[in-house]
Amino acid sequence: MFECSFYSFCSPRFNFYVQNELSYPKILSKPRRSLRKRRKVLNLVVLIATLQMENSGASLFKDTPVGLNEISEEEYFSQSTLLKEFTEIPTIEKAWTLKTNCGGSQVMFSISQPNLLENKKRRYASFSHISKERDDFVQFHWDAFPIEMGTASLMVPSPSGSKLLVVRNAENDSPTCFEIWSSSQVEREFHVPSSIHGSVYSDGWFEGISWNSDETLIAYIAEEPVSAKPTFTYFGYEKGDCPDKDCNSWKGQGDWEEGWGEAYDGKRLPKLFVINISSGEVRAVDGIEKSLSVGQVIWAPSSKNSIQNLVFVGWPSEMRKFGIKYCTNRPCSLYVVRAPCFRYEPRQSGTDTKLSAVVLTESISSTFFPRFSPDGKFLVFLSSKSAVDSGAHNATDSLHRIDWSIDTESRSHNKIVDVVPVVMCAEDGSFPGLYCSNILSNPWLSDGRTMILSSAWGSTLFVLTVDILSGNVSRISPSTSEFSWDVLTLDGDNIIAVCSSPINVPEIKYGYLVENAYDNTKWNWLDISSPITKCSEKVRSLLSSKEFCTMPIPVRDASENLTKGASKPYEAIFASSKSKKHDACDPLIVVLHGGPQCVSLSSFSKSSAFLCSLGFSLLIVSYRGSLGFGEEAVQSLPGRVGSQDVNDVLASIDHVIGMGFADPDKIAAVGISHGGFLTTHLIGQAPDKFAAAAARNPVCNLALMVGTTDIPDWCYFEAFGSEAKSNFTAATSAEHLALLYNKSPISHISKVKTPTLMLLGAKDLRVPITDGLQYARALKEKGVEVKVMMFPDDIHELDRPRTDFESFLNIGVWFKKYCS
């Protein structure tokens with residue numbers, strides 16, 4: 001826009017107009033001109049005269065965006081150019097291994113890349129053929145170009161790899177499209193109207209897509225059909241049905257139904273459906289209680305021509321629903337139900353074909369990610385019973401199995417075997433317990449008893465093997481590597497994984513098993529050249545000048561009455577330049593994760609790498625209460641928020657200052673959600689320590705948040721600890737409000753003097769914007785410099801492409817302004 005203005009001022013036509021029409025004598029010689037027109041012309045004369053008086057290097061007349069001056073605008077320009085290069089780095093979301101007709105393997109990768117202009121993610125599929133001449137030599141032969149998936153919401157290959165399901169969810173209750181692809185064409189296409197069901201869930205939690213063994217049926221989770229609403233006309237309520245688009249009537253709003261909170265606003269109840277891919281017929285699965293939210297469906301093993309069953313996860317919702325996004329503490333169970341039959345079967349007298357779903361896991365409070373062993377003898381699943389039983393929104397997982405028989409009727413009193421129990425306190429260097437965000441749809445090696453998982457181990461993500469019979473857990477990604485490793489898919493008994501670090505873009509690795517003479521096994525990992533994890537030369541050059549390490553941080557308050565697990569060191573990842581300039585340290589950004597039952601992993605983050613490339617060092621802290629360090633460490637934080645976590649962060653900062661890695665006068669802090677809670681606590685409790693702060697959807701006042709959030713139980717649990725369950729109520733007492741306020745950053749507002757940037761999503765249900773706005777207004781009252789950025793269409797994550805881009809651009813400029 002500014003460039004166009006420049007050329008309009010300098011064009012020959014403009015100069016001719018100035019010389020011949022805008023001379024001062026001519027203006028005076030035309031008294032008939034209106035006063036308004038004269039003023040316009042005079043303004044132009046003044047503008048031209050000013051241009052002529054300025055030096056040739058002076059800035060041109062243009063509109064400067066609000067909040068910017070010439071210096072900050074130049075910073076915006078240079079940083080945005082660099083950030084764009086980081087933004088364009090693709091992300092591998094999923095992968096599947098498919099068998100080819102010639103007996104080899106092909107890998108299909110699902111890739112995403114931000115599309116800033118359309119403000120959404122561009123998704124595409126990339127294919128590679130695997131050539132394996134020997135165990136230690138594997139080549140990936142990549143197709144020339146990826147295939148953009150356009151409007152596809154989901155794509156799932158069939159078990160044999162001969163078919164591909166593509167689901168395209170439409171908006172505004174338009175039909176959902178199901179496409180069945182073969183190797184050369186679309187074989188079937190079906191449009192399912194909203195009268196049958198709404199959008200298919202593709203959220204990664206309720207989401208479930210499962211082909212049956214003969215690839216004729218697909219089970220999936222979709223929104224229940226639109227409920228009938230009352231119709232009104234000029235005369236009042238209209239009996240019977242009325243067309244939706246009748247201009248002489250309107251639909252009433254109907255009853256309000258509580259949803260599952262953040263990220264599910266406007267979503268209807270998730271229900272289970274099956275589609276026949278030959279006919280396109282869709283049937284809802286009968287026998288499931290209406291109050292049950294379902295997800296993560298899989299087909300149970302069955303013999304030929306026998307009745308087919310489905311196993312799924314069910315979340316009861318008879319009482320109040322709390323937010324479920326990032327919350328594994330919502331009680332759930334595994335159920336089995338008979339799948340609908342699409343062929344005619346004469347009903348025998350006295351039989352009822354609508355059999356109710358049977359609960360498989362009555363004795364355990366949490367079950368999810370069910371998987372059957374290849375031989376169908378075991379049903380294995382994860383549990384977050386520690387979270388459900390304690391109230392923590394995430395906690396240490398456990399792994400369990402149920403013995404399964406195809407010919408035996410399913411029972412609710414199955415014996416549940418603990419395969420990997422919750423680890424309370426890990427010895428130094430030992431397995432800290434399971435912390436899995438997902439399990440592959442096919443996680444099995446050919447022995448039928450070994451699962452491949454990715455799990456956090458401290459601040460690092462490792463690839464593990466788990467023997468479901470013995471319970472043995474082995475770490476098979478390199479134990480000497482501080483990089484994080486995440487399994488993508490299996491190629492027979494080999495593993496395709498992705499490996500990255502805070503300063504290294506993701507790279508594909510191929511793992512294979514080696515047996516030595518001592519009857520022990522180990523895994524070797526090969527580097528795979530890949531076009532899908534490329535970055536620009538500028539980004540690669542900047543990152544190559546950086547280094548990182550994971551530091552154990554000793555606990556400073558070990559004298560308190562702490563459990564053994566809570567007294568052990570936590571970790572911080574430190575990333576910095578390889579060389580110091582004139583013995584000076586780069587400014588330090590302290591990066592704080594949300595949750596707080598979460599963890600900052602040593603994997604690649606585009607936003608963090610961008611900030612590091614601007615010339616900042618990063619201190620990424622996994623304070624006590626983070627996942628990956630054992631259950632006692634997780635449970636040490638509730639009831640101590642605002643003190644233990646704050647002290648852990650301050651101790652981490654002092655640790656790197658003491659090592660000579662940071663300048664105490666150039667420290668900034670940034671965090672989202674509970675990380676924003678910590679950021680605003682830090683600038684209140686240690687007001688002289690921070691030169692700048694940025695808080696993204698921060699928790700600033702628990703007393704305000706508790707009455708508006710989708711997870712009020714979180715406020716109680718973090719503030720009251722083990723007493724939260726007995727104290728929680730929707731009608732918070734004055735006494736409880738006082739305690740919640742005193743645990744909050746706003747209680748320290750009088751001491752804050754740090755320039756603070758607030759980034760808020762207007763549609764955030766988790767930490768509603770009133771929390772951040774109240775804090776920002778209080779800072780303004782005190783005269784503290786504060787800038788608020790509001791994103792009107794964003795929820796808690798602030799991860800839409802433009803929002804993410806603008807957020808970290810402004811964070812970078814803000815920190816440069818106050819820390820340089």
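Model, not experiment: these values are computed from the prediction.

Outline the sheet that holds strand β20 (residues 358-359), supporting the account with residue identities and numerical values.
Spatially, β17-β18-β19-β20 is the arrangement adopted by the four strands of the open sheet, whose pairing is antiparallel. Both outer strands of the open sheet, β17 (292-299) and β20, are each paired with one neighbouring strand and no more. Sheet topology places strand β18 (residues 309-316) next to strand β19 (residues 333-338); six bridges connect them, and they run antiparallel. Within β19, the position partnered with V313 by the bridge is L334.

Describe the packing of helix α5 (residues 70-87) against helix α7 (residues 537-544), with residues and values.
Put simply, α5 and α7 touch, their axes get as near as 9 Å, and they point 95° apart. Taken together, the axis directions place α5 and α7 in an arrangement best described as roughly perpendicular. Counted together, L82, E85 and F86 of α5 and K538, V539, L542 and L543 of α7 form the full contact between these two elements. Split into classes, the residues belonging to the contact of α5 with α7 amount to five nonpolar, no polar and two charged.

Residue-level account of the pairing of β17, with values.
Taken across its eight residues, β17 has eight buried, putting it largely inside the fold. Two strands pair when backbone bridges link them, and β17 and β18 are joined in this way by six bridges, in the antiparallel orientation. What sits directly across from L292, in β18, is P316.

So, the nonpolar core: which residues are in play, and what are the values?
Residues L272, L310 and F312 are the most contacted members of the largest nonpolar core, which totals 63 residues. With sequence-adjacent residues up to four places away left out, L272 is seen in contact with A219, Y220, I221, R283, A284, V285, I288, V294, V297, L310, F312 and V337. Membership of the second largest hydrophobic core comes to 61 residues, among which are I667, A693, A719 and A724.

Any chance you could break down unusual backbone geometry for me, citing the residues and the numbers?
Here the residue pair G595 and P596 is connected by a cis peptide bond, since its omega of 0° sits within 30 degrees of zero. Within the secondary structure, P596 sits in the loop between β34 (588-592) and α8 (606-613). Positive phi, normally seen in glycine, also occurs at Q296, with a value near 55°. Summarising the element assignment, Q296 is placed in strand β17. In this structure, Y326 is a non-glycine residue whose phi angle is positive, near 65°. With respect to the element layout, Y326 can be found in the loop between β18 and β19. Of the residues examined, Y326 reaches a relative accessible area of 43% and is grouped as partly exposed.

Which residues make up the sheet that holds strand β21 (residues 368-372), and what values go with them?
An order of β21-β22-β23-β24 is seen for the four strands of this open sheet, with the pairing classed as antiparallel. In the strand order of this sheet, the two ends are held by β21 and β24 (416-420), each with one partner. Taken over all neighbouring pairs, the strand axes of this sheet differ in orientation by 25° on average, direction set aside.

Which residues make up the packing of aromatic side chains, and what values do they have?
Tallied over the entire structure, the rule returns 31 aromatic pairs. Judged by centre distance (6.0 Å) and plane angle (40°), the ring pair of F140 and W142 falls under tilted. In this pair, the class of F140 matches that of W142, namely buried. On the numbers, 5.3 Å between centres and 70° between planes, the contact of F206 with Y264 is edge-to-face. Here F206, found in the loop between β9 (186-192) and β10 (209-211), pairs with Y264, found in the loop between β14 (249-251) and β15 (270-276); they are 58 residues apart in sequence, far enough to count as distant.

Tell me about the packing of α5 against helix α17 (residues 801-819), residues and numbers included.
As a packed pair, α5 and α17 sit with axes 10 Å apart at the nearest point and diverge in direction by 135°. For the element pair α5 / α17, the angle class is oblique. Our pair here, α5 against α17, has a crossing hand that is right-handed. Counting all contacts with α5, which are made through E75, Y76, Q79, S80, L83, K84 and T87, the residues of α17 involved are F805, F808, L809, N810, G812, V813 and K816. Taken together, the residues that form the contact of α5 with α17 break down as six nonpolar, five polar and three charged.

Requested: an account of the environment of D143, with residues and values cited.
Looking at where D143 falls in the secondary structure, it is placed in the loop between β4 (137-142) and β5 (147-148). Sequence spacing of D143 and H129 is 14 residues, and the spatial spacing of their C-alpha atoms is 8.1 Å.

Lay out the pattern of salt bridges in plain terms, naming residues and giving numbers.
Enumeration over the complete set of coordinates arrives at 26 salt bridges. In this structure, the salt-bridge partner of K267 is E223, at a minimum N-O distance of 3.7 Å. Separated by 44 residues along the polypeptide, K267 in the loop between β14 and β15 and E223 in strand β11 (residues 217-223) bring together distant segments of the chain. By relative accessible area, which is 31% here, K267 ends up partly exposed. Note on E223: relative accessible area 6%, which makes it buried. The shortest N-O distance in the salt bridge between K509 and D527 comes to 2.3 Å.

Let's hear about the environment of P587: which residues, and what values?
Structurally, P587 can be placed in the loop between β33 (570-577) and β34. Taking C-alpha positions, P587 is 8.3 Å from D665, a pair spaced 78 residues apart along the chain. Residue contacts for P587: discarding those within four places in its chain leaves G615, F616, S617, K666 and C819.

Kindly report on the confidence of the model for the protein, identifying the contributing residues and their values.
Put simply, the protein has an average pLDDT of 89, and 88% of its residues get 70 or more. Under a pLDDT of 50 for its full length, residues 1-35 has, in the predicted model, 32 contacts with residues more than four places off or in other chains. With pLDDT under 50 throughout, residues 347-352 is counted as low confidence; its partners more than four residues away or in other chains account for one contact.

Any chance you could break down helix α16 (residues 769-782) for me, citing the residues and the numbers?
Compared with an ideal rise of 1.5 Å per residue, which puts 14 residues at 20 Å, α16 spans 20 Å between its outermost C-alpha atoms and is within 8% of the ideal. Those residues of α16 that sit buried are D771, G772, L773, Y775, A776, A778 and L779. Where α16 is buried, its residues contact α11 (674-685), α12 (702-705), β38 (756-761) and β39 (786-791). Backbone geometry just downstream of α16 places G783 in the positive-phi region, at approximately 85°.

Help me get a handle on α8, residues and values and all.
α8 sits mainly inside the fold: seven of its eight residues count as buried. The set of residues buried in α8 consists of S607, S608, A609, F610, L611, C612 and S613. Just beyond α8, the residue with positive phi is G615, at close to 105°.

The rules behind these values
Residues numbered from 1 in each chain as written. Predicted model: local features only at pLDDT ≥ 70, side-chain atom pairs only at ≥ 80, totals over all residues. Heavy atoms only, no water. Pairing = 2+ DSSP bridges. Helix = DSSP H or I, 4+ residues; strand = E, 2+ residues; numbered from the N terminus. Axes fitted to C-alpha atoms, helices over the stretch in contact; angles between N-to-C directions. Parallel < 35°, antiparallel > 145°, perpendicular 65-115°, else oblique. Contact = heavy atoms within 4.5 Å. Nonpolar A, V, L, I, M, F, W, Y, C, P; charged D, E, K, R; others polar. Buried < 20%, exposed > 50% of the residue type's maximum accessible area, 1.4 Å probe, protein only. Core = buried A, V, L, I, M, F, W, Y, C linked by side-chain atoms within 4.5 Å. Phe/Tyr/Trp six-rings, centres within 6.5 Å; stacked < 30°, edge-to-face > 60°. Left-handed = near helix turned anticlockwise from the far one by under 90°. Salt bridge = Lys/Arg side-chain N within 4 Å of Asp/Glu carboxyl O. pLDDT = per-residue confidence, 0-100. Expected span 1.5 Å × (residues − 1).

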